[in-house]
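Commentary on secondary and tertiary structure
The lines below spell out each chain.
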Amino acid sequence: MPVNLIVGAQWGDEGKAKIIDYLSKNIDFVARCQGGANAGHTVVFDNQKFILHLIPSGILYSHTICLIGNGVVFDVKKFFEETENLNSKGIDTKGRILVSPNAHLVLPYHKLQDEFEEEKSKIGTTKRGIGPTYTDKVSRKGIRVRDLLDAEIFRQKVRANAQTKAKIFKALYRNDFDEDLTSFVDEFLALGEKLKPYVADTIYFLNEKINENKNILIEGAQGALLDVDFGTYPFVTSSNPTSGGAVTGLGIPPWKIQKVTGIFKAYLTRVGNGPFPSEMETEIGEKIRQKGNEFGSTTGRPRRCGWFDAVAGKFSVMINGITDVALTKLDILDGLDKVKICVAYEFEGRKITNFDSELKILEKCKPIYEELDGWKESTESAKSFSDLPKNAQKFIERLSELVGAKVSIISISPDRKGTFEV
Ligand code: IMP
């Protein structure tokens, strides 16, 4: 399977990294196409836990080459923090990561802007400067990795942007604002020097590898319901975590993607604010949160928990073109008397089965559940679908039928070993 795109099919945190890590054993190249250090991709193996924010999870296998595409917003400080951390744990990164010169840089003033804006908008962002960096990109004021490699251009562009930003910050957020927004320049230029060996034309590189029929994984970040076009706007991220984002974020033809694997968690979580029709009642939600360790790996925030929403799931399958589902964290539902799946919404007395991301509608949608018998047995030791408790099998089959895509991979523990193909 030359190009397999992995997308988060819900509100992020579906366990993408674990599945990417599992699939990477047969993969030559892993590429990130959108988002930035707002992602928190956690992988556990050999009793070691790795949390990656910017570098593709595929780096954990020594044979893979990782790419950071033009659609990613690139935080150079985080990048080196991550490479150093990986190196200290025995993972070699030298010559194994290529960064697109066209990726836009997340700069300190973007993070400050994110904090200022968040005070007013209450989106619940990760405060990693993601929105302001994409805003600068689209308004054609952004500064790219390539600019960091030329001291004169970098200084000049930062100076121009910093002047405008300082005026905006003073006028809108803090009337005593007088910070020097250019103070990071020398430090960043030194990082730019260090970055030079990593910068490469990822577009030609990846297209060549596709044409050579190499095995390639594209690692989506966040999730479909956080997509700036299809998600619960404005409670979304600022990129396209859906399939289209892979095409524009890497410069590859859509028809070269043969497989789209949508990662779904067996229940639902969301960090940040915004509507969430199948959010669980407090007690069970708390139980799932603790058992599933549902706390943000980037910000540590408790995640809101809910039942699997097949209305949103089917929508996600449709807009992403999901061909295969990887179902994660099934084990967290072990031991429950009943498990629920949201199969439709009730909106103003009517039953609806289409997902409408419009806040005014979604906020009023009440979940209509199908209740299934739970399973008392542990799924812990399962190595195949037929090892799973019968009721767990029924749950998976029903879920697959409702979203309209086959379940190909199941994960039942955070460890690398707890994953199998169906
Ligand atoms: P931003 O991406 O930091 O601007 O945050 C916008 C929204 O996306 C907030 O609700 C965040 O909690 C959410 N978000 C961003 N990245 C992730 C992620 O990797 N997992 C889950 N939610 C995320």
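Look up: the structure comes first, before these words.
Starting from 1, residues in each chain are numbered consecutively following that chain's sequence as written. Where totals are concerned, whole chains, interfaces and linings use all residues; where local detail is concerned, this predicted model gives features only for residues with pLDDT of at least 70, and gives and counts side-chain atom pairs only at 80 or more. Neither water nor hydrogens contribute to the side-chain values; these are computed over all heavy atoms in the structure.

**A closer look at the overall build of the protein**
Note the threshold: Under the DSSP-based scheme used, a helix requires at least four consecutive residues in state H or I and a strand at least two consecutive residues in state E, with every element numbered from the N terminus. Atoms counted for the radius of gyration: C-alpha only. Globule rule: 2.2 Å times residue count to the power 0.38. Only protein chains enter the accessibility calculation, which uses a 1.4 Å probe. A residue is then buried if its area is under 20% of the maximum for its type, exposed if over 50%, and partly exposed in between. Whether two residues touch is decided by their heavy atoms; if any such pair falls within 4.5 Å, the residues are in contact. For the accessible areas, the method is Shrake-Rupley and the probe is 1.4 Å, while residue cover comes only from the protein chains on display. Just so you know, the count uses Lys and Arg for positive and Asp and Glu for negative, and it drops His and the chain ends. Each charge is placed at NZ for Lys, CZ for Arg, CG for Asp and CD for Glu.
Counting secondary structure elements, the protein contains 13 helices and 19 strands. At 22 Å, the protein has a C-alpha radius of gyration in line with the 22 Å of a compact globule built from 422 residues. With respect to the three principal axes, the spread of C-alpha positions in the protein is 65 × 50 × 40 Å. Looking at the protein residue by residue over its 422 residues, the buried ones come to 58%. Sequence-distant contacts, at least 24 apart, represent 76% of the contacts inside the protein between residues at least 6 apart. With an accessible surface of roughly 17,900 Å², the protein has 50% of that area assigned to carbon and sulfur atoms. Each charge class in the protein was averaged separately, 58 positive and 57 negative side chains, and the resulting centres sit 1 Å apart.

**Overview of the pattern of salt bridges**
For clarity, the threshold we go by: Throughout this description, the term salt bridge denotes a Lys or Arg side-chain nitrogen within 4 Å of a carboxyl oxygen of Asp or Glu.
Taken as a whole and assessed by the stated rule, the structure comprises 25 salt bridges. Where Arg-155 meets Asp-186, a salt bridge forms, and the shortest distance between an N and an O atom there is 2.9 Å. Of this pair, Arg-155 sits in helix H6 (residues 151-173) while Asp-186 is found in helix H7 (residues 185-195), placing the two residues 31 residues apart along the sequence. For Asp-373, the salt bridge is made with Lys-338, and the minimal N-O distance between the two is 2.6 Å. In this pair, Asp-373 sits in strand E17 (residues 366-373) while Lys-338 sits in strand E15 (residues 338-347), placing the two residues 35 residues apart along the sequence. By relative accessible area, Asp-373 is classed as partly exposed at 44%.

**Notes on the pairing of strand E14 (residues 324-328)**
Definition in use: Here a strand pair is declared whenever DSSP counts at least two bridges between the two strands.
With respect to burial, E14 is a largely interior element, five of its five residues being buried. Pairing geometry for strand E10 (residues 259-265) and E14, over five bridges, is parallel. Counterpart to Lys-265 in the pairing with E14 is Thr-328. With four bridges connecting them, E14 and strand E18 (residues 406-411) associate as parallel partners. Directly across from Ala-326, in E18, lies its bridge partner Ile-409.

**Side note on the site of the ligand**
Short version of the rule: Throughout, the term near means that a residue has one or more heavy atoms lying within 4 Å of the molecule or strand in question. Counting of polar contacts relies on pairs of N or O atoms within 3.5 Å, with two restrictions inside protein: one atom must be capable of donating a hydrogen and the other of accepting it, and residues adjacent in sequence are counted only when both atoms are side-chain atoms. All amino acids are sorted into three groups, where Ala, Val, Leu, Ile, Met, Phe, Trp, Tyr, Cys and Pro are nonpolar, Asp, Glu, Lys and Arg are charged, and the leftover types, Gly among them, are polar.
Taken together, 17 residues sit near the ligand, with Asp-13, Asn-38, Thr-126, Thr-237 and Arg-301 positioned nearest. Residue Asn-38 places a side-chain N or O atom 2.9 Å away from an oxygen atom belonging to the ligand. Here an oxygen atom of the ligand sits 2.6 Å away from a polar atom, N or O, in the side chain of Thr-126. Relative to its free-state accessible area of 470 Å², the ligand is covered by the protein chains to the extent of 97%. Within the shell around the ligand, the residues separate by chemical class into six nonpolar, nine polar and two charged.

**Description of the pairing of strand E1 (residues 3-8)**
In terms of burial, E1 is largely enclosed, as six of its six residues are buried. Neither face of E1 is left uncovered, since the one carrying Val-3, Leu-5 and Val-7 and the one carrying Asn-4, Ile-6 and Gly-8 both have all their residues buried. When E1 meets strand E9 (residues 216-219), the two strands line up parallel, connected through four bridges. When the sheet's bridge partners are listed, Asn-4 is paired in E9 with Leu-217. Pairing of E1 with E10 involves five bridges; the strand directions are parallel. Each residue of the ladder has a partner; that of Leu-5, found in E10, is Val-260.

**Some remarks on H7**
To be explicit about the condition: When we speak of the arc, we mean the arc of directions from the helix axis to the C-beta atoms.
Those residues of H7 lying buried are Val-185, Phe-188, Leu-189, Leu-191, Gly-192 and Leu-195. Along the axis of H7, the buried residues cluster in a sector spanning 160°; they form a single face. Looking at the packing, one finds that the buried side of H7 touches strand E6 (73-74), helix H2 (76-88), helix H3 (108-121), helix H5 (145-148) and H6.

By themselves, these are just geometric observations and shouldn't be taken as functional.
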